[in-house]
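# Structural characterization, general
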Amino acid sequence: MYNRIAHIALVVKDYDEAIHFYTHKLDFVLLEDTKIDEFKRWVVVASSGAKECSLLLAKAANEKQLASVGNQTGGRVGFFLFTDDFNRDYDKLVNRGVTFVRTPKKEPYGIVAVFQDLYGNLWDLLEPNENNKGVIR
């Protein structure tokens, strides 16, 4: 049997502002934007190197969902963006105004810094070191 995680839902305030952030700040690719009804769209974005997993941008539909925007993982890093060139991508994101809340740090598994998306969700920008490329990818 073959199973995989295809999409991870990310609750957003607004489809278009979220699309803009992910495609213009992080260089994600807009894979799909299909209108479902008057209020709902099926919006999928993925990093340019993604092979299987993508983000499904889901607009908050009620107050409970709206309250979780930006805090879907209770203040922990919940998303991980791997890179093959940390310095290139870190500098690019800083120049594009992405907010880093933890500066770059060498860890046993590689170099990492934590940034916020447009709503405050925390992401690791991570370049795994040679010893961990197969383990944590």
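As a convention, each chain's residues are numbered from 1 in the sequence order in which they are written. It should be noted that, the model being predicted, local features are given only for residues of pLDDT at least 70 and side-chain atom pairs only at 80 or more, the latter also being counted only at that level, while totals for whole chains, interfaces and linings use all residues. Side-chain measures here rest on the full set of heavy atoms in the structure, leaving out hydrogens and waters.

- The protein chain is annotated in an unreviewed UniProt entry as VOC family protein of Flagellimonas pelagia.

### Focus on the sheet that holds strand 8 (residues 122-128)
- In this scheme, strands are said to pair when DSSP sees at least two bridges between them. Helix and strand labels come from DSSP, where a helix needs a run of H or I of at least four residues and a strand needs a run of E of at least two; each type is numbered from the N terminus. Judged by pairing direction, the sheet is mixed, and its four strands sit side by side in the order 5-8-7-6 without closing on themselves. Unpaired on one side and paired on the other, strand 5 (77-82) and strand 6 (100-107) mark the two borders of the sheet. Geometrically, the sheet is characterised by an average inter-axis angle of 20° between neighbouring strands, direction not taken into account.
- Judged from the five bridges that link them, strand 6 and strand 7 (residues 110-116) form a sheet pairing that is antiparallel. Paired with Arg102 across the strands is Val114, a residue of strand 7. Interaxial angle, 0 to 180 degrees, is taken between N-to-C directions of lines fitted to C-alpha atoms, where a helix line uses only the stretch in contact.

### Details of the packing of aromatic side chains
- Planes of paired rings set the category: under 30 degrees apart is stacked, over 60 is edge-to-face and the rest tilted, where pairs are Phe, Tyr or Trp rings (Trp by its six-membered ring) whose centres lie within 6.5 Å. All chains considered together, the criterion is met by nine aromatic pairs.
- Between Phe100 and Phe115 the ring centres are 5.6 Å apart and the planes differ by 55°, which places this aromatic pair in the tilted class. With Phe100 in strand 6 and Phe115 in strand 7, this pair connects stretches of sequence that are 15 residues apart. For the pair Phe100 and Phe115, a shared accessibility class is recorded, and that class is buried.
- By way of ring pairs, the aromatic residues Phe21, Tyr22, Phe28, Phe79, Phe86, Tyr90, Phe100, Phe115 and Trp123 are connected into one cluster. Per-residue accessibility, obtained with a 1.4 Å probe over protein chains only, is compared with the maximum for each type, and a residue is labelled buried under 20%, exposed over 50%, and partly exposed between these values.

### Looking at helix 3 (residues 86-95)
- Listed in full, the buried residues belonging to helix 3 are Phe86, Asp89, Tyr90 and Leu93. Buried residues along helix 3 cover an arc of 100° about the axis, so they all sit on one side. Away from its buried face, by an angle of more than 90 degrees, helix 3 presents the exposed residues Asn87 and Asn95.
- Looking at the buried positions of helix 3, the neighbouring elements they touch are helix 1 (15-25), strand 6, strand 7 and strand 8. Think of it as the arc spanned by the lines of direction from the helix axis to the C-beta atoms. The contact criterion used is simple: two residues touch if any of their non-hydrogen atoms lie within 4.5 Å.

### Section: the sheet that holds strand 3 (residues 41-46)
- Read across the sheet, four strands follow the order 1-4-3-2 without closing on themselves; strand pairing throughout is mixed. At either end of the open sheet lies a strand with only one pairing partner, and these are strand 1 (7-12) and strand 2 (29-35). The average undirected angle you get between the axes of adjacent strands in this sheet is 25°.
- Looking at chain direction, strand 2 and strand 3 are connected through six bridges and run antiparallel. Bridge pairing links Glu32 to Val44 in strand 3.
- Sheet contacts for helix 1: strand 1, strand 2, strand 3 and strand 4 (54-59); angle to strand 4, the most-contacted strand, approximately 155°.

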